[in-house]
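Okay, here's what each chain looks like letter by letter:
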Amino acid sequence: MLKITSKQLEVTAPIRERIESRFEKLSRHDVQLINPHVIITEEKPGFKIEASVGIPNGELFAQAKHENLYTAITAMGQKLEKQLNRLTHKPEAQRFASLEHTDVDDVDAIDEYEEEDAA
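Remember, predicted model here, so these are calculated numbers, not experimental data. Within each chain, residues carry numbers counting from 1 in the order of the written sequence. Residues qualify for local features only when their pLDDT is at least 70, as the model is predicted, and side-chain atom pairs are given and counted only at 80 or more; totals for whole chains, interfaces and linings, by contrast, use all residues. Only hydrogens and water are removed before side-chain values are computed, so all heavy atoms of the structure are retained for them.

**What about the overall build of the protein?**
- Numbering of helices and strands runs from the N terminus, with a helix taken as a DSSP run of H or I at least four residues long and a strand as a DSSP run of E at least two residues long. What the protein contains, in helices and strands, is 4 helices and 4 strands.
- Counting from the amino terminus, helix and strand elements in the protein follow one another as β-α-β-β-β-α-α-α.
- When a residue's accessible area, from a 1.4 Å probe over protein chains only, is under 20% of the maximum for its type it is buried; when over 50% it is exposed; and in between it is partly exposed. Looking at the 119 residues of the protein, the share that counts as buried comes to 27%.
- Two residues form a contact once any of their heavy atoms are found within 4.5 Å. Contacts in the protein between residues far apart in sequence, at least 24 positions, make up 44% of those at least 6 positions apart.
- Method for areas: the Shrake-Rupley scheme with a 1.4 Å probe, in which residue coverage is limited to the protein chains shown. For the protein, the accessible area works out to roughly 8,400 Å², and carbon and sulfur atoms hold 49% of it.

What follows is the structure in structure tokens.
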């Protein structure tokens, strides 16, 4: 259940639909979204929108400011999606995979090589 809190602003149906559509894009990653909460604040130059979403292995947080509320919502959604994408694809990353596949025999071979090189 998406919770939307607003300060100094009424959350209309189009605003709610825009926020919900951004969170639907997050649900494509097959990750359970726990207690998504969005806070909208109207500031002098424009709007500030913050979102926090719990996921099984951590929490996502994004904040965006813009003169146009819908642009701020889009920017916030893109930031959340980027974070979630990074977390879901981390095991496939080349650095992560290379660290995981370092074999003990390889480390011993490197140590022996360094010893021979030093002599």
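Once the structure has been displayed, the description carries forward.
**Details of the sheet that holds strand 1 (residues 3–7)**
- With mixed pairing, the 4 strands of this open sheet are ordered in space as 1-2-3-4. In this open sheet, the two strands that pair with only one neighbour each are strand 1 and strand 4 (58–66). Pairwise comparison of adjacent strand axes, ignoring direction, gives a mean angle of 10° for this sheet.
- Should DSSP find at least two bridges between two strands, the strands are regarded as paired. Two elements, strand 2 (residues 34–42) and strand 3 (residues 47–55), share 7 bridges in a ladder whose sense is antiparallel. Within strand 3, the residue paired with Ile-39 across the bridge is Glu-50.
- The axes used here are C-alpha line fits, helices contributing only the stretch in contact, and every angle between their N-to-C directions lies in the interval 0 to 180 degrees. Relative to strand 2, helix 1 (residues 13–26) is tilted by about 135°, and along the sheet it contacts strand 1, strand 2 and strand 3.
- In this fold helix 2 (residues 69–88) packs onto strand 2, strand 3 and strand 4, with an angle of close to 150° to the strand it touches most, strand 4.

**Side note on the packing of helix 1 against helix 2**
- Contact geometry of helix 1 with helix 2 gives a least axis separation of 9 Å together with a crossing angle of 15°. As far as their axial angle goes, helix 2 and helix 1 are roughly parallel. Once helix 1 is placed against helix 2, the crossing between them reads as right-handed. Residue-level inspection shows Pro-14, Ile-15, Arg-18, Ile-19, Arg-22, Phe-23, Lys-25 and Leu-26 of helix 1 in contact with helix 2, the latter providing Leu-69, Tyr-70, Ile-73, Thr-74, Gly-77, Gln-78, Leu-80, Glu-81 and Leu-84. Roughly parallel refers to an angle under 35 degrees, roughly antiparallel to one over 145, roughly perpendicular to one between 65 and 115, and oblique to any angle outside these ranges. For a crossing to be left-handed, the near helix must be turned anticlockwise from the far one by less than a right angle; the clockwise case is right-handed.

**Here's the deal with the side chain of Lys-48**
- Mapped onto the secondary structure, Lys-48 falls in strand 3.
- On the accessibility criterion, Lys-48 (17% relative accessible area) is buried.

**Overview of helix 1**
- In this scheme, a helix's expected span is set at 1.5 Å multiplied by one less than its residue total. When the terminal C-alpha atoms of helix 1 are compared, their 20 Å separation across 14 residues agrees well with the 20 Å that a helix rising 1.5 Å per residue should span.
- All buried positions along helix 1 are accounted for by Ile-15, Ile-19, Arg-22, Phe-23 and Leu-26. The buried residues of helix 1 occupy an angular sector of 95° when the element is viewed end-on, so they sit on one face. Within helix 1, the exposed residues directed more than 90 degrees away from the buried face are Glu-17 and Glu-24.
- On its buried side, helix 1 packs onto strand 1, strand 2, strand 3 and helix 2. What the arc describes is the spread of directions from the helix axis to the C-beta atoms.

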